[in-house]
Amino acid sequence: MEIMRIDKYISGQMNGISRKDAKTLCRKNEVLVNGSVVKNSNKKIIAGKDIVSVCGENVAYKKYIYIMLNKPKGFVCSTKDGKSPTVLKLVPPELYREGIFPAGRLDKDTEGLVLLTNDGELAHKMLSPKYHVEKKYYVELKFPVQEYYVAKFEKGLLIDGGDVCLPARIEFVPENQYACYVYLKEGMYHQIKRMFNALSNEVVFLKRICIGSLALDQNLASGMCLELLHKDVEKILSD
Ligand code: URA
């Protein structure tokens, strides 16, 4: 339970309602807390305990938010602004919450599925090697994919810097000898790029398309976000 201002609560819990909209709703007597009209938007409430309704509809408290982002190139998976914009810049105001962060990193030039949340515990579990969450990537290479890569991946590749990869899977893409899918249960720095470099090849395009059973929504355009339900994200850990 958390104590916060009523306008913050409303804008944080309702899609498409800004802080300013919430103040207006209070002024117009559209906001009730525990059945009583609250005109003053400075009023503090106990989120998770007090019953809030707006325009006659209950506004349930969701402590955490889970967002699927289809990351484009050029954005970094960080919360701190540096030379390049962070993925947080792509989150629309109605989904933005204080404390959200990307659960796992993609390189600046990698595209695809990134999960953003303010649920540190779930993110930690998802990234922990204990849960073996498998990520699927679509990869395009400079030179054709070779049959012998399958065995090399299965055995665990030795990559530059002396890191040994966990066994990984590779799947061919029919009718494109330069493309493949790679399945990893870990996420070392530039891992896929380094794996293919170790095989004298080079990644020219990389996109993450699944985290466990959670697949990137095919209708989600590059740079766009989609709110997910807690139960759909939690499923990643139990599959
Ligand atoms: N492997 C890479 O090399 N880069 C990514 O962004 C993800 C996996």
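Residues numbered from 1 in each chain as written. Predicted model: local features only at pLDDT ≥ 70, side-chain atom pairs only at ≥ 80, totals over all residues. Heavy atoms only, no water.

A.B. asks: What should I look at first to understand the environment of Thr 79 in this one?
C.D. replies: Mapping Thr 79 onto the fold places it in the loop between β7 (66–71) and β8 (101–102). The spacing of Thr 79 and Lys 89 is 10 residues in sequence and 9.4 Å in space, taken between C-alpha atoms. Those residues in contact with Thr 79, other than ones at most four positions away along the chain, are Thr 86, Leu 88, Ile 100, Phe 101 and Pro 102. (Helix = DSSP H or I, 4+ residues; strand = E, 2+ residues; numbered from the N terminus. Contact = heavy atoms within 4.5 Å.)

A.B. asks: Any chance you could explain the site of the ligand here in plain terms?
C.D. replies: Around the ligand sit Leu 106, Asp 107, Thr 110, Tyr 137, His 190, Gln 191, Ile 192, Lys 193 and Leu 206, and that is every residue in its neighbourhood. In this structure, a nitrogen atom belonging to the ligand sits 2.7 Å away from a side-chain N or O atom of Asp 107. Against a free-state accessible area of 240 Å², the protein chains account for coverage of 95% of the ligand. Judged by the proximity of its atoms to the pocket grid, the ligand belongs to the largest pocket. (Near = heavy atom within 4 Å. Polar contact = N/O pair within 3.5 Å; in protein donor to acceptor, adjacent residues only side chain to side chain. Areas by Shrake-Rupley, 256 points an atom, 1.4 Å probe, with all protein chains shown as cover. 1 Å grid on protein atoms, 1.4 Å probe; cavity = no way out; pocket = protein on both sides within 12 Å on 5 of 7 lines; lining within 4 Å. Sits in = over half its atoms within 2 Å of the grid points.)

A.B. asks: What am I meant to see in helix α5 (residues 191–198) here?
C.D. replies: Owing to its 3.6 residues per turn, the α-helix brings residues three or four apart onto one side. α5 sits mainly inside the fold: six of its eight residues count as buried. Taken from the residues just after α5, Ser 200 is the one with a positive phi, measuring 60°. (Buried < 20%, exposed > 50% of the residue type's maximum accessible area, 1.4 Å probe, protein only.)

A.B. asks: Looking at this structure, I do not really get the pattern of salt bridges. What am I missing?
C.D. replies: Two side chains of opposite charge can pair, provided their charged atoms sit close to one another. Enumeration according to the criterion identifies 12 salt bridges in this entry. Across the pair Lys 73 and Glu 111 runs a salt bridge, and its minimum N-O distance is 3.1 Å. With Lys 73 in the loop between β7 and β8 and Glu 111 in strand β9 (residues 111–117), the pair connects residues that are 38 residues apart, well separated along the chain. What makes Lys 73 partly exposed here is its relative accessible area of 41%. Taken together, the salt bridges that share partners define one network made up of Arg 5, Asp 7, Arg 19 and Lys 23. (Salt bridge = Lys/Arg side-chain N within 4 Å of Asp/Glu carboxyl O.)

A.B. asks: Help me out: how do you make sense of the packing of aromatic side chains in this one?
C.D. replies: Geometry of an aromatic ring pair is reported as the spacing of the ring centres plus the angle between the planes. Scanning the model with the defined rule gives six aromatic pairs in all. Note on Tyr 148 and Tyr 149: the rings are 5.1 Å apart at their centroids and 80° apart in plane angle, and the pair reads as edge-to-face. An aromatic cluster of at least three residues, connected via ring pairs, comprises Tyr 148, Tyr 149, Phe 153 and Phe 196. Taking NZ or CZ as reference, Lys 136 lies 4.5 Å from the ring centre of Tyr 181, over its face. The positively charged end of Arg 169 is found above the aromatic ring belonging to Tyr 183, 3.9 Å away from the centroid. (Phe/Tyr/Trp six-rings, centres within 6.5 Å; stacked < 30°, edge-to-face > 60°. Lys NZ or Arg CZ within 6 Å of the ring centre and 35° of its normal.)

A.B. asks: Help me understand unusual backbone geometry, please; the structure alone is not making it clear to me.
C.D. replies: As a rule of thumb, non-glycine residues mostly have phi less than zero, and peptide bonds are mostly trans rather than cis. Not every positive phi belongs to a glycine, and Asn 34 is a case in point at roughly 50°. With a relative accessible area of 44%, Asn 34 lands in the partly exposed category. One non-glycine residue, His 132, lies in the positive phi region at around 50°. Relative to the helices and strands, His 132 resides in the loop between α3 (120–127) and β10 (135–141).

A.B. asks: What is the right way to look at the pairing of β9 in this model?
C.D. replies: The two faces of the sheet receive side chains in turn, since in a regular strand these alternate between them. When you tally the buried positions in β9, you get seven out of seven residues, the bulk of the element. Bridge count for β7 against β9 is six bridges, and the pairing is antiparallel. Opposite Lys 71, over in β9, you have Gly 112 as the bridge partner. One ladder, built from two bridges, connects β9 with strand β15 (residues 203–211); its direction is parallel. When the bridges of β15 are listed, Glu 111 appears paired with Lys 207. (Pairing = 2+ DSSP bridges.)

A.B. asks: Could you clarify how one ought to interpret the domain arrangement of the protein in this entry?
C.D. replies: You'll often see interface size given as the accessible area lost when the parts meet. Annotation of the protein at the domain level lists domain 1 (2–58), domain 2 (66–129 + 218–237) and domain 3 (135–211). One C-alpha centre belongs to domain 1, the other to domain 2, and the line joining them spans 27 Å. When domain 1 packs against domain 2, the two sides together hide about 350 Å² of surface, and 31% of this comes from carbon and sulfur. Looking at the side of domain 1 facing domain 2, the largest losses of area belong to Lys 8, Gly 12 and Asn 15, adding up to 75% of the total buried there. Inspection of the domain 1/domain 2 interface yields zero salt bridges. Across the contact surface, domain 1 and domain 2 share zero residue pairs in polar contact (both at pLDDT 80 or more). Looking at the side of domain 1 that touches domain 2 residue by residue, the classes come out as no nonpolar, four polar and one charged. (Domains from an automatic or database assignment. Buried area = accessible area lost by both parts, 1.4 Å probe. Nonpolar A, V, L, I, M, F, W, Y, C, P; charged D, E, K, R; others polar.)

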